[in-house]
Structure formats: structure tokens, C-alpha cells
Amino acid sequence: MRSFTRRTIVGSGLATALSASPLLRTAKAQNYPQRPVKIIVPYAAGGASDIIARLISPEMERTLGQPFIVDNRGGGASMVGTQAVATASPDGHTIGIVDSAFVINPSLFRAKLPYNTKTDFGPISLLATSPLVLVVHPSVPANTLQEFVALAKAQPGKINFASAGLGTAIHLAGEQLRQAAEIDIFHVPYRGGGPAITDLIGGQVQMTFATVAAIGQQVRQRVVRALAVTGDSRVAQLPDVPTMAEAGLPAVDATPIFGMVGPAALAPLIIDMLAEVARKTFKGEALRFRMTELGFVSVGSSPSEFATRINEEIAKWTGIVEKGNIQPG
């Protein structure tokens, strides 16, 4: 109850500070928003993107004075919900949450993509990232990333790598590792990250990548062994696990991203206003602490910074997909 009260007070103070900003006063003078706003999440409820949306929607509501309603539209490798954002009226009353599929799908699906990722959206803010942990079964005789690479090179094709499915962020993280380390590991796709972790714990596969939220407890209990984490710095929940750069493979930087976008013709004033709310929310102490607990890293970027990140991620994953000749499942 104490932590809830503290978060409520902090949230109310944040809303007051945001409402006082010149940008938001200008937006309100133009009467935005005029009605409830939909935040489309291109997945079923309960996943990481859904969590992000439900963390930011209350701050949007408090600051802007209209409900911000999370609308889950799963299907089509996130393309169903994402297309709904691209084709929505550009009046700011439909926005969306996107994740790494947003920047992977342009290379994975190519001509089948029902929208242009670079031209059909207005980037608002990179909200958060989620470091991945490279984990192995305890039977694998490797305590460091370098030992694992040496083992894989000595036994080409013998180490089974589990992923959450063909073309997923977990699959491409393993492919990036394979290419960067020049090793031969055998990909075993599952229908989701949960089954992959279950079989890793059971010893049916030898390695996988997983989010901190999904695997952190098993690492701390030494059910699995963590060799490295992606991202720029170590994660608070696993302080003894080095980053990929510290472990000797800085090229392995597969870190899922979560951002907010709107339709391409969304007015710059609305984009900037939503980005300001996102920035102050995700850089705020209360939410940043909560995000760390959940295994995320809060960001809250500007629209231009997010646009740059989108282009960088598309270029990176296009190279990985083409070099690995990866086809969607």
C-alpha cells in the first residue's frame, strides 16, 4: 500500500508538471484530445508490449484529460495491429506500441508487408528496451562467453539453440551471435519463449536468449547459467553477468525495443506533445524503478531520436536476415 501511494503521488505530481508545460498548454488550446485515444498493441494482452502500454496510459490520461484505452489486436506477426495504426485517421486519437518486430519485419516479410515501416508512421518515442540474457544449460562446459564460443567451434552443429520461433527477436539474437562469433549452432524454433525455456531447463536444448523477466529467477537459482547480457550496461537483477561487449562480442547487440508511433500524417505538435509525456514518464524515478523491477530499461526518447533508432535497427536486421537467408515460419 505504501508503494502504491507513493506512485500515485508521484504520478499526480508528474501530471501537474506536464500540464504546466508551454507545449501542452498550446495543444490543449487546440482542443486535443477531443475524445478517448486508442493505444493499439499488436499482440494479445499480457505480453511485454501490453505491459508498456498499460504503464504509460494512466499518465497520458492524467495529463491530457481523456481516457487512453489499450486496444489489443494480435495476429500476423504483429502486422495486423500495426497496419491499423498506419491506416488510422491522423488526428492523434489512434496511436500504437511497436516492438522489435516493427524493425525486423521489413526484411523478413519484404513484399508481403502491408505497410512501409519508414514512411507510413510518425515516430513518437522510444519508450524502453529489454536486454536479453544468453543462457546455457548447466551441463554445458562453459562458464564464459569465450569458453562457449570455443566449445561451439570445437563441436560444429552439436549445440542446439532454442528460440521463440522463426524470425522472432530471440531467433535473430542467436543468428547475430552465430554470425559475429563465426560458430555453427543448430536452431530449434519453438512456439513461444516459454516452451523454449522449459526445454532448456530440462536439458533438451543447450542454449537460448531470454529476457531478464523470463529467465532472471532461474539464473539466480542456478537452474541455468548466464554468460552475457545484451545492451550498453549490466542489468540490476544480474549484476555479475557481463555485457556482450565486456565478454568480447560487442557486435551482439540484439536488444528488443518498445516504442510509440502514430500515422505518418500526425501533426508535429501532437507528436511532440505525446513525446513530452512519454519522456517525462519514462525518465521519472517512480516508473524507472518499476521498469527495472520488470526487466526493462526506461528510455523516453525524442521523436527524432526514435526515427534514427528505427532506421538503424532496420538496416542491422536486414543485414542479419539476408546473410543468414532467414525465411519466416
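Scroll up to find the structure.
Residues numbered from 1 in each chain as written. Predicted model: local features only at pLDDT ≥ 70, side-chain atom pairs only at ≥ 80, totals over all residues. Heavy atoms only, no water.

K.L.:
Looking at this structure, I do not really get the overall build of the protein chain. What am I missing?
P.N.:
For the protein chain, the helix and strand inventory stands at 13 helices and 11 strands. By the compact-globule yardstick of 20 Å for 329 residues, the protein chain fits well, its C-alpha radius of gyration being 20 Å. When each of the 329 residues of the protein chain is scored for burial, the buried share is 51%. Counting contacts in the protein chain only where the partners sit at least 6 residues apart, residues at least 24 apart contribute 79% of the total. When the accessible surface of the protein chain is split by element, carbon and sulfur atoms take 54% of a total near 14200 Å². Separation between the mean location of the 29 positive side-chain charges and that of the 24 negative ones in the protein chain comes to 4 Å. (Helix = DSSP H or I, 4+ residues; strand = E, 2+ residues; numbered from the N terminus. Rg over C-alpha atoms; globule rule 2.2 N^0.38 Å. Buried < 20%, exposed > 50% of the residue type's maximum accessible area, 1.4 Å probe, protein only. Contact = heavy atoms within 4.5 Å. Areas by Shrake-Rupley, 256 points an atom, 1.4 Å probe, with all protein chains shown as cover. Lys, Arg positive; Asp, Glu negative; His and termini not counted. Charge placed at Lys NZ, Arg CZ, Asp CG, Glu CD.)

K.L.:
Teacher, can you tell me more about the pairing of strand 3 (residues 94–98) here?
P.N.:
Every other side chain in a regular strand lies on the same face of the sheet, so the side chains alternate between the two faces. With 5 of its 5 residues buried, strand 3 lies for the most part within the structure. Residues of strand 3 alternate between two faces, with Thr94, Gly96 and Val98 on one and Ile95 and Ile97 on the opposite face, all of them buried. As defined by bridge partners, strand 1 (residues 37–41) adjoins strand 3 across 3 bridges and the pair is classed as parallel. Along strand 3, the bridge assignment pairs Ile40 with Gly96. Alignment of strand 3 against strand 10 (residues 257–263), held across 3 bridges, turns out to be antiparallel. Along strand 10, the bridge assignment pairs Gly96 with Val261. (Pairing = 2+ DSSP bridges.)

K.L.:
Sorry, what's going on with the packing of aromatic side chains here?
P.N.:
For any two aromatic rings, the description comes down to two numbers: the centre-to-centre distance and the angle of the planes. Counted under the stated rule, the structure contains 3 aromatic pairs. Put simply, the rings of Phe102, Tyr115 and Phe121 pair up and form one aromatic cluster. (Phe/Tyr/Trp six-rings, centres within 6.5 Å; stacked < 30°, edge-to-face > 60°.)

K.L.:
Would you explain the pattern of salt bridges in this entry?
P.N.:
Any two side chains of opposite charge can pair, so long as their charged atoms come close to each other. All told, the structure shown has 11 salt bridges when counted by the stated rule. Among the salt bridges present, the one from Glu175 reaches Arg178, with a minimum N-O distance of 2.6 Å. With a gap of 3 residues between them, Glu175 and Arg178 both fall in helix 7 (residues 169–181), about one helical turn apart. Judged by relative accessible area, Glu175 falls into the buried class, the value being 9%. When salt bridges with common partners are traced through the structure, they connect Asp253, Arg309, Glu313 and Lys316 into a single cluster. (Salt bridge = Lys/Arg side-chain N within 4 Å of Asp/Glu carboxyl O.)

K.L.:
Is there a simple way to explain the environment of Glu175 in this structure?
P.N.:
Put simply, Glu175 and Gln83 are 92 residues apart on the chain and 27 Å apart in space, counted from C-alpha to C-alpha. Once you skip the residues sitting within four places of it in the chain, Glu175 turns out to touch Ile320, Gly324 and Ile326.

K.L.:
What should I look at first to understand the side chain of Thr82 in this one?
P.N.:
Mapped onto the elements, Thr82 comes out in helix 4 (residues 79–86). The exposure class assigned to Thr82 is buried, which follows from its relative accessible area of 4%. When near neighbours in sequence (up to four residues on either side) are disregarded, Thr82 contacts Pro42, Phe102, Tyr115 and Phe121.

K.L.:
So what exactly am I meant to see when it comes to the nonpolar core here?
P.N.:
One broad trend across soluble globular proteins is that nonpolar side chains are buried collectively. In terms of nonpolar packing, the biggest core is built from 53 residues, with Leu134, Leu145, Phe148, Leu177, Ile183, Met207 and Phe209 touching the most fellow members. Element by element, the count of residues in this core is highest for helix 13 (residues 303–324), at 6 residues. Those residues in contact with Phe209 that sit more than four places away from it in its chain are Leu132, Val133, Leu134, Phe161, Ala162, Ile170, Ala173, Gly174, Leu177, Thr230, Met244 and Val252. Counting residues in hydrophobic clusters, the runner-up holds 30 residues, among them Ile56, Phe258, Met260 and Val277. (Core = buried A, V, L, I, M, F, W, Y, C linked by side-chain atoms within 4.5 Å.)

K.L.:
How should I be thinking about the sheet that holds strand 7 (residues 186–189) in this particular structure?
P.N.:
Taken in spatial order, the 5 strands line up as 7-6-8-5-9 in an open sheet, and their pairing is mixed. Every other strand in the sheet has two partners, leaving strand 7 and strand 9 (225–229) as the edge strands with one partner each. Geometrically, the sheet is characterised by an average inter-axis angle of 30 degrees between neighbouring strands, direction not taken into account. Judged from the 4 bridges that link them, strand 6 (residues 160–163) and strand 7 form a sheet pairing that is parallel. By the bridge assignment for strand 7, Phe161 is matched with His187. The sheet contacts of helix 9 (residues 212–220) involve strand 5 (132–136), strand 8 (207–211) and strand 9, and relative to strand 8 the element is tilted by about 115 degrees. (Axes fitted to C-alpha atoms, helices over the stretch in contact; angles between N-to-C directions.)

K.L.:
Could you clarify how one ought to interpret the sheet that holds strand 4 (residues 121–129) in this entry?
P.N.:
Backbone-to-backbone hydrogen bonds join strands into a sheet, with any given pair of strands oriented parallel or antiparallel. Across the sheet, which stays open at both edges, the 6 strands sit in the order 2-1-3-10-4-11 with mixed pairing between neighbours. On the outer flanks of this sheet lie strand 2 (68–72) and strand 11 (297–298), each paired with one strand and no other. Together, strand 1, strand 3, strand 4 and strand 10 form the strand contacts of helix 4, whose direction differs from that of strand 10 by roughly 40 degrees. Where helix 11 (residues 268–282) meets the sheet, its contacts fall on strand 2, strand 3, strand 4 and strand 11, and the angle it forms with strand 4 comes to roughly 0 degrees.

K.L.:
Can you walk me through helix 12 (residues 285–294) in this structure?
P.N.:
Residues three or four positions apart in an α-helix share a direction because the helix packs 3.6 residues into each turn. Within helix 12, the full set of buried residues consists of Ala286, Leu287 and Met291. For helix 12, the angular spread of the buried residues around the axis is 130 degrees, confining them to a single face. Opposite its buried face, helix 12 presents the exposed residues Glu285 and Phe289, each directed more than 90 degrees away. Trailing helix 12 by a residue or two, Gly295 shows a phi angle of about 90 degrees, which is positive. (Arc of directions from axis to C-beta.)

Taken by themselves, the reported measurements are silent on function.
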